[in-house]
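As a plain string of letters, each chain reads:
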Amino acid sequence: MGCTLSGLGPKSAAIMADIKTQDLEDIANKLRVLSIKSTEAAGSGHPTSCASMAEVMSVLFFHTMRYKVSEPRDPSSDRFILSKGHAAPILYAAWAEAGLFPREELMNLRKIDNDLEGHPTPRLNFVDVATGSLGQGLSVACGMAYVGKYYDKASYRTYCLIGDGESAEGSIWEALSFAGIKKLSNLVAIFDINRLGQSEPTAFQHEMDIYRTRLQSFGFNALVVDGHDVEALCKAFHEAAQTEDKPTAILAKTYKGRGFPAIEDAENWHGKPLGSKADEVIAHVESQIKNSGPNNLVPQKPLHQDAPEVDITNIRLQTPPSYKKGDKVATRQAYGTALSKLAQNNSRVIALDGDTKNSTFSNAMLKTDAERYIECFIAEQNLVGVGIGTACRDRTVAFVSTFAAFFTRAFDQLRMGAISQTNLNCVGSHAGVSIGEDGPSQMALEDLAMFRSIPTATVFYPSDAVSTERACELAANTPGICFIRTSRPGTAVVYDNDHKFELGKANVIRSSDSDKVLVIGAAITLREAMTAADQLEGEGINVRVMDLFTIKPIDKEAIISNAKECGGRIIVVEDHYPEGGIGEAVKSAVAMERDIIVSHLAVTNVPRSGKCDELLDMFGISASAVVKAAKEITQI
């Protein structure tokens, strides 16, 4: 029996006539069997969570989506994000059934020498981003869909499958809001509403009207369907493709462990293989399969190869920095200048912000090309997730900005971004107590520690306008997650406009042959270090001043060699908490060196409102504190 899709035109109806319900049902049951067998082989996994979405996967992969099996990340192919990452076995099974790799490979699930991991990661060529930390997939899908609709202007569509349990996550709500506001008609959010969570039933179980009302309130075309009825799913996906000016949500009412006798819709079966029941369940599911041979259905290739070619290599500033030494320029303002210059040089440089664009200066993009600015509003988890999505398949070079303190809210997205092998540039302004009167809630004092802990991160801390522009240029061409820390107050330009900056290469700003201490600062504390150096010189104590430029990678060799030339004495002064910042990075660099000591000046207590200079002095990171530390350390 074919899928009888109401409302189809003659051409569409003819295309759909060849799709047979039984074939899709057979594939769904084959996917169930493979999910059981692979989790049994692994001795762990989530077969019941896979079973509830088997028909959705069958219809998507063998009826609705257009993609190339031979080239899973083809730019013109439809995108699929499994936000419900613990159902990875059925995703792997779908690609095996599609012919990407042998079904036998599924029996290596979760083995250390195999990339079919417990949750999907881009070690697999058919996975765009890692999922498994729940609630993040829809934001990424929004970023992909945004690029498809507004930048690529291509016909590919984006599908995201979400578990009902994870729909309680605030990041899902942020993404739903974004998708509705941006009218992402090429996005389909599929909710697998199987009623059961990990430890108990979900909040709304099968109250489908609640889900529908909520999704409609976000501006979605919300369709409630029987998630085990392949014909109903065919119709729903077709309607989604015909819907204009709004995204579609398919609310699939399903049952956990569907088709598993004595297990379907039963509690306490989450995240465990079927064990002694496996053979019985497999036999039952296989008995439902009419065609146990090769599939009659094969994946359909994209109808149009209309995603444009994109080149995001060798991105440069349109014009070099142009500043006068000694002029005071806030590094956050220099970021805006650099962003504009990079965007002029490459049409795929984009900016995203969370309603702080007039403080981070990302609003410079509005003057360069307003269409390449994406307002994500005050929703930082979604801001980062959308940024990750826009960068997928190398479609854009994304710069995501907000106050540096607010990136802490999106740390899980950043952590998963590293697992996703994402290339994303994060720019955090308003660093440290130097922001002044706004007070501690706005002061980033943990941001360096956070980004340094991310294994794929490069951490820039530019001290003046010239180095900020070059940091942005380097970040645009550096793989992984880049973080650029910018400051609110103006700092003096200390570099020549043609100074060459490199990752992991520090710069000595001031030196003599008789230096007794190496002082390392950044931005506002570099200014304080220079002021202290002037005072100390008048008292007969010469100090060397170093600007690290990148905190990760750190210039270990330069720190050690300069420290030894200064009697093995280092003072680090930073506008950050002691834990995880510049000081600990420097201490780690010299940890195996004999006869080097480090004095560490940092913000050691929760700060308060006040003027910048008052706060620097109160929390012991001002020039006077450096002078005191220098006198003490030279006595050792």
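Residues numbered from 1 in each chain as written. Predicted model: local features only at pLDDT ≥ 70, side-chain atom pairs only at ≥ 80, totals over all residues. Heavy atoms only, no water.

Going by what an unreviewed UniProt entry lists, the protein chain is known as transketolase and is assigned to Scylla paramamosain.

(A) Quick peek at empty space enclosed by the protein. Summed over all chains, the structure comprises five cavities of 30 Å³ or more. Lining the largest cavity we find 15 residues, and of these Gly197, Ala266, Glu267, Asn268 and Trp269 sit closest to its centre. Class assignment for the residues of the lining of the largest cavity results in five nonpolar, seven polar and three charged. (1 Å grid on protein atoms, 1.4 Å probe; cavity = no way out; pocket = protein on both sides within 12 Å on 5 of 7 lines; lining within 4 Å. Points joined across faces, edges and corners; volume = space filled by probe spheres on them. Nonpolar A, V, L, I, M, F, W, Y, C, P; charged D, E, K, R; others polar.)

(B) Inspection of the nonpolar core at higher detail. Among the nonpolar cores identified, the biggest contains 84 residues, and Leu138, Phe451, Ile520, Ile570 and Ile582 are the most heavily contacted of them. Excluding residues that lie within four positions of it along the chain, Ile520 makes contacts with Met546, Leu548, Ile559, Ile570, Ile571, Val572, Val573, Ile582 and Val586. By size, the runner-up hydrophobic cluster in this structure holds 52 residues, among which are Ala88, Ala93, Trp95 and Phe101. (Core = buried A, V, L, I, M, F, W, Y, C linked by side-chain atoms within 4.5 Å. Buried < 20%, exposed > 50% of the residue type's maximum accessible area, 1.4 Å probe, protein only. Contact = heavy atoms within 4.5 Å.)

(C) Main features of helix H18 (residues 524–538). For H18, with 15 residues, the first-to-last C-alpha span of 22 Å sits near the 21 Å given by 1.5 Å per residue. Restricting attention to buried positions, one finds in H18 the residues Ile524, Thr525, Leu526, Glu528, Ala529, Ala532, Ala533 and Leu536. (Helix = DSSP H or I, 4+ residues; strand = E, 2+ residues; numbered from the N terminus. Expected span 1.5 Å × (residues − 1).)

(D) Spatial organisation of the sheet that holds strand S8 (residues 373–375). As summarised here, the arrangement of the seven strands in space is S8-S7-S9-S10-S12-S11-S17, forming an open sheet in which the pairing is mixed. The open sheet has two edge strands, S8 and strand S17 (550–552), and neither has a second partner. Taken over all neighbouring pairs, the strand axes of this sheet differ in orientation by 20° on average, direction set aside. Relative to S8, strand S7 (residues 349–353) runs parallel, the two being bridged by three bridges. Considered in S8, the bridge of Asp353 is made with Glu375. Here helix H17 (residues 465–476) sits on the sheet and contacts strand S9 (397–403), strand S10 (424–429), strand S11 (457–460) and strand S12 (481–485); the angle it forms with S12, its principal contact strand, is near 170°. (Pairing = 2+ DSSP bridges. Axes fitted to C-alpha atoms, helices over the stretch in contact; angles between N-to-C directions.)

(E) Region of the structure containing the pairing of S9. The buried fraction of S9 amounts to seven of the seven residues, a majority that puts the element mostly inside the structure. As defined by bridge partners, S7 adjoins S9 across five bridges and the pair is classed as parallel. When the sheet's bridge partners are listed, Leu352 is paired in S9 with Val400. In this fold, the crossover linking S9 to S10 by way of helix H15 (residues 411–419) has right-handed handedness. (Right-handed = clockwise from strand over helix to strand, strands pointing away.)

(F) Inspection of the environment of Asp78 at higher detail. Mapped onto the fold, Asp78 is located in the loop between helix H4 (54–64) and strand S1 (79–82). A C-alpha to C-alpha distance of 5.7 Å links Asp78 and Tyr67, two positions eleven residues apart in sequence. Contacts of Asp78, omitting those with residues within four sequence positions, involve Thr64, Met65, Arg66, Tyr156, Arg157, Tyr159 and Arg393. A polar side-chain atom of Asp78 sits 2.8 Å from the main-chain amide nitrogen of Arg66. Here Arg157 takes part through its backbone nitrogen, which lies 2.8 Å from a polar atom of the side chain of Asp78. (Polar contact = N/O pair within 3.5 Å; in protein donor to acceptor, adjacent residues only side chain to side chain.)

(G) Just the pattern of salt bridges, in detail. Taken as a whole, this structure holds 31 salt bridges when the rule is applied. A salt bridge links Lys564 to Glu593; the shortest N-O distance between them is 3.2 Å. Of this pair, Lys564 sits in helix H19 (residues 556–565) while Glu593 is found in the loop between helix H20 (582–589) and strand S19 (597–601), placing the two residues 29 residues apart along the sequence. Residues participating in the shared-partner salt-bridge network are Asp152, Arg348 and Arg395. (Salt bridge = Lys/Arg side-chain N within 4 Å of Asp/Glu carboxyl O.)

(H) Summary view of the UniProt feature "domain: Transketolase-like pyrimidine-binding" (unreviewed entry) in the protein chain. The sites that UniProt annotates as "domain: Transketolase-like pyrimidine-binding" (unreviewed entry) are residues 329–493. Regarding residues 329–493, the helix share stands at 39% and the strand share at 21%, and the terminal C-alpha atoms are separated by 7 Å. (UniProt positions renumbered as here; feature names shortened; annotations may be inferred.)

(I) How the structure looks around the pairing of S12. Taking burial as the measure, the five residues of S12 include five buried ones, the bulk of the element. Both faces of S12 are covered, namely the face carrying Ile481, Phe483 and Arg485 and the face carrying Cys482 and Ile484. Both S10 and S12 contribute to a ladder of five bridges, which runs parallel. Counted as the bridge partner of Val427 is Ile484 from S12. For S11 and S12, the ladder comprises four bridges, and the chain directions are parallel. Bridged to Val459 within S12 is Phe483.

(J) The arrangement of the packing of helix H11 (residues 331–345) against H17 in detail. Contact geometry of H11 with H17 gives a least axis separation of 8 Å together with a crossing angle of 45°. Accordingly, the angle class assigned to the pair H11 and H17 is oblique. The interaxial crossing formed by H11 with H17 has right-handed handedness. On the side of H11, the interface is formed by Thr331, Ala334, Tyr335, Thr337, Ala338, Lys341 and Leu342, while H17 contributes Ala465, Thr468, Glu469, Cys472, Glu473 and Ala476. Grouping the amino acids of the contact of H11 with H17 by side-chain chemistry returns seven nonpolar, three polar and three charged. (Parallel < 35°, antiparallel > 145°, perpendicular 65-115°, else oblique. Left-handed = near helix turned anticlockwise from the far one by under 90°.)

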